[in-house]
Amino acid sequence: MILVFSDFQTVGPYSGAMRAAAMRHANPAGCPSRDGGQAIAVVDLMVDAPDRDPMKAGCLLAACAESFAAGDVGLCVIDPGVGSARRGVIVQCDDVWFVGPDNGLFEFVIRRARTARMWQIDWKPAALSASFHGRDIFGPVAGMLAAGQDFAKQEMDVADRFADAKAWPDDIAEIIYCDGYGNAMTGVRAQQVEPGQNILEIGDLQIGRARTFSDVRRGAPLWYENAFGLVEIAVNGGRADRLPGVAIGASIGWGVGVKAG
């Protein structure tokens, strides 16, 4: 399937237009899909990824991508540099494909993959908007890739990817996203927290670790390993984003509790 990851939100025409472009090219009339004719699904994974922030969004994408299946295509568009000289790329990490801008969005999936290859997208439509490559380039390319169709591209050295991202830490010790329940996801993988470091510090708050919400009293804060393997701050029956100092960009720490990176 094609999994859409963007910061387009649910309002306006952008998410729908990009999904439609991907679907049209994945399921063209008279062109059976690779699995013998069954239509290729296009699914919204996330349309409220960190706004115009490839580093935070890329960290979240890497966590979500752990559940992708072999052959899936991630249509990933966090693209503040749209229309500039930045390249459009295809990345193959192990058996999963990713399509989007070369701006660091795929840095963490590349680092955590066993094998990685990369291609520059040379294909362009007859009509190309300067400001909506999600619809005009990345959506169609994701569709063609999922359907096994050929299109113009050239392989590039993975080492030639967006240079600035190579200096990013392996884990981002700050809040990168707040969900609709007010839970605050960080960019730290829970497995990178040292054993015995059970107190998360954010501003003047000290928050203990729990397995899940109901392990603490109602109204009490906790941090836990969320379903995507990230350290997340929550309040049982409440909203963590209303705690003092809990906001996107706020730093967290345990002293030496997070391993190198």
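Residues numbered from 1 in each chain as written. Predicted model: local features only at pLDDT ≥ 70, side-chain atom pairs only at ≥ 80, totals over all residues. Heavy atoms only, no water.

This paragraph deals with the overall build of the protein. Check the secondary structure of the protein and you find 4 helices and 13 strands. For a compact globule of 261 residues, the expected C-alpha radius of gyration is about 18 Å, and the protein comes in at 20 Å, within 12% of that figure. If one aligns the C-alpha atoms of the protein with their principal axes, the spans along those axes are about 60 × 35 × 35 Å. Here the protein, with 261 residues, has 49% of them falling under the buried criterion. Across the protein, the fraction of contacts at a sequence separation of at least 24, relative to all contacts at a separation of at least 6, is 67%. With the model as given, the accessible surface of the protein reaches about 12100 Å², and the carbon-plus-sulfur share is 50%. Between the averaged position of the 24 positive side-chain charges in the protein and that of its 31 negative side-chain charges there is a distance of 2 Å. (Helix = DSSP H or I, 4+ residues; strand = E, 2+ residues; numbered from the N terminus. Rg over C-alpha atoms; globule rule 2.2 N^0.38 Å. Buried < 20%, exposed > 50% of the residue type's maximum accessible area, 1.4 Å probe, protein only. Contact = heavy atoms within 4.5 Å. Areas by Shrake-Rupley, 256 points an atom, 1.4 Å probe, with all protein chains shown as cover. Lys, Arg positive; Asp, Glu negative; His and termini not counted. Charge placed at Lys NZ, Arg CZ, Asp CG, Glu CD.)

Let's shift gears to the packing of helix α1 (residues 14–26) against helix α4 (residues 133–147). Between α1 and α4, whose axes approach to 7 Å, the crossing angle comes to 35 degrees. When you trace α1 past α4, the crossing you get is right-handed. On α4, the residues that touch Ala-17, Met-18, Ala-21, Ala-22, His-25 and Ala-26 of α1 are Gly-134, Arg-135, Gly-139, Pro-140, Gly-143, Met-144 and Ala-147. For the contact of α1 with α4, the per-class residue count stands at 8 nonpolar, 4 polar and 1 charged. (Axes fitted to C-alpha atoms, helices over the stretch in contact; angles between N-to-C directions. Left-handed = near helix turned anticlockwise from the far one by under 90°. Nonpolar A, V, L, I, M, F, W, Y, C, P; charged D, E, K, R; others polar.)

Looking now at the sheet that holds strand β8 (residues 172–178). If you trace the 4 strands from one edge of the open sheet to the other, you get β8-β9-β13-β12, paired in antiparallel fashion. Taken across any chain shown, the strands that pair with only one partner, and hence form the sheet edges, are β8 and β12 (221–225). Neighbouring strand axes in the sheet, compared pairwise and without regard to direction, differ in orientation by 30 degrees on average. In the sheet, strand β9 (residues 184–189) pairs with strand β13 (residues 230–235) via 3 bridges, with the strands oriented antiparallel. Bridging across to β13, Arg-189 finds its partner in Leu-230. The sheet contacts of helix α2 (residues 54–64) involve β8, β9 and β13, and relative to β8 the element is tilted by about 85 degrees. (Pairing = 2+ DSSP bridges.)

In this section: the packing of aromatic side chains. Evaluation of the coordinates by the stated rule reveals 9 aromatic pairs. Aromatic side chains Tyr-14 and Phe-132 sit 5.6 Å apart centroid to centroid with 80 degrees between the ring planes, which places their arrangement in the edge-to-face category. Placement of the pair is Tyr-14 in helix α1 and Phe-132 in the loop between β6 (116–121) and α4, with a sequence separation of 118 residues. Classification of Phe-132 as buried rests on a relative accessible area of 10%. (Phe/Tyr/Trp six-rings, centres within 6.5 Å; stacked < 30°, edge-to-face > 60°.)

In this section: empty space enclosed by the protein. Within the structure shown, the criterion is met by 1 cavity of 30 Å³ or more. In this structure, the largest cavity spans a volume of roughly 50 Å³. Looking at side-chain class alone, the lining of the largest cavity contains 6 nonpolar, 2 polar and 3 charged residues. (1 Å grid on protein atoms, 1.4 Å probe; cavity = no way out; pocket = protein on both sides within 12 Å on 5 of 7 lines; lining within 4 Å. Points joined across faces, edges and corners; volume = space filled by probe spheres on them.)

Before going further, it helps to spend a moment on the environment of Gly-134. With respect to the element layout, Gly-134 can be found in helix α4. Judged by relative accessible area, which is 2%, Gly-134 ranks as buried. As a C-alpha pair, Gly-134 and Ser-84 span 50 residues in sequence and 14 Å in three-dimensional space. Residue contacts for Gly-134: discarding those within four places in its chain leaves Met-18, Val-77, Gly-139 and Pro-140.

It is worth spelling out the pattern of salt bridges at this point. Within the structure shown, the criterion is met by 16 salt bridges. For Arg-111, the salt bridge is made with Glu-107, and the minimal N-O distance between the two is 2.8 Å. Residue Arg-111 and its partner Glu-107 are both found in helix α3 (residues 107–112); the two are separated by 4 residues, about one turn of the helix. Judged by its relative accessible area of 3%, Glu-107 falls in the buried class. Between Asp-171 and Arg-189 there is a salt bridge, with the nearest N and O atoms lying 2.7 Å from each other. A residue pair is termed long-range when its members are at least 10 positions apart, and Asp-171 in the loop between β7 (153–156) and β8 and Arg-189 in strand β9 qualify at 18 residues. With a relative accessible area of 24%, Arg-189 lands in the partly exposed category. Connected via shared salt-bridge partners are Glu-107, Arg-111, Arg-161 and Asp-170. (Salt bridge = Lys/Arg side-chain N within 4 Å of Asp/Glu carboxyl O.)

With that settled, consider the nonpolar core. Membership of the largest hydrophobic core comes to 36 residues, with the highest contact counts inside it found for Phe-5, Phe-98 and Phe-106. Put simply, the parts of the chain that give this core at least two residues each are β1 (2–6), α2, β4 (88–93), β5 (96–101), α3 and β8. Residue contributions to this core peak at 7 residues, all from α2. Discounting residues that sit within four places of it in the chain, Phe-5 has contacts with Leu-45, Met-46, Ala-49, Ala-57, Leu-60, Leu-61, Leu-75, Cys-76, Val-77, Ile-78 and Leu-105. Residues Ala-22, Leu-75, Trp-97 and Ala-146 belong to the second largest nonpolar core, which totals 27 residues. (Core = buried A, V, L, I, M, F, W, Y, C linked by side-chain atoms within 4.5 Å.)

Let's shift gears to α2. Burial analysis of α2 places 11 of its 11 residues in the buried class, the great majority of the element. Along α2, the residues classified as buried are Pro-54, Met-55, Lys-56, Ala-57, Gly-58, Cys-59, Leu-60, Leu-61, Ala-62, Ala-63 and Cys-64.

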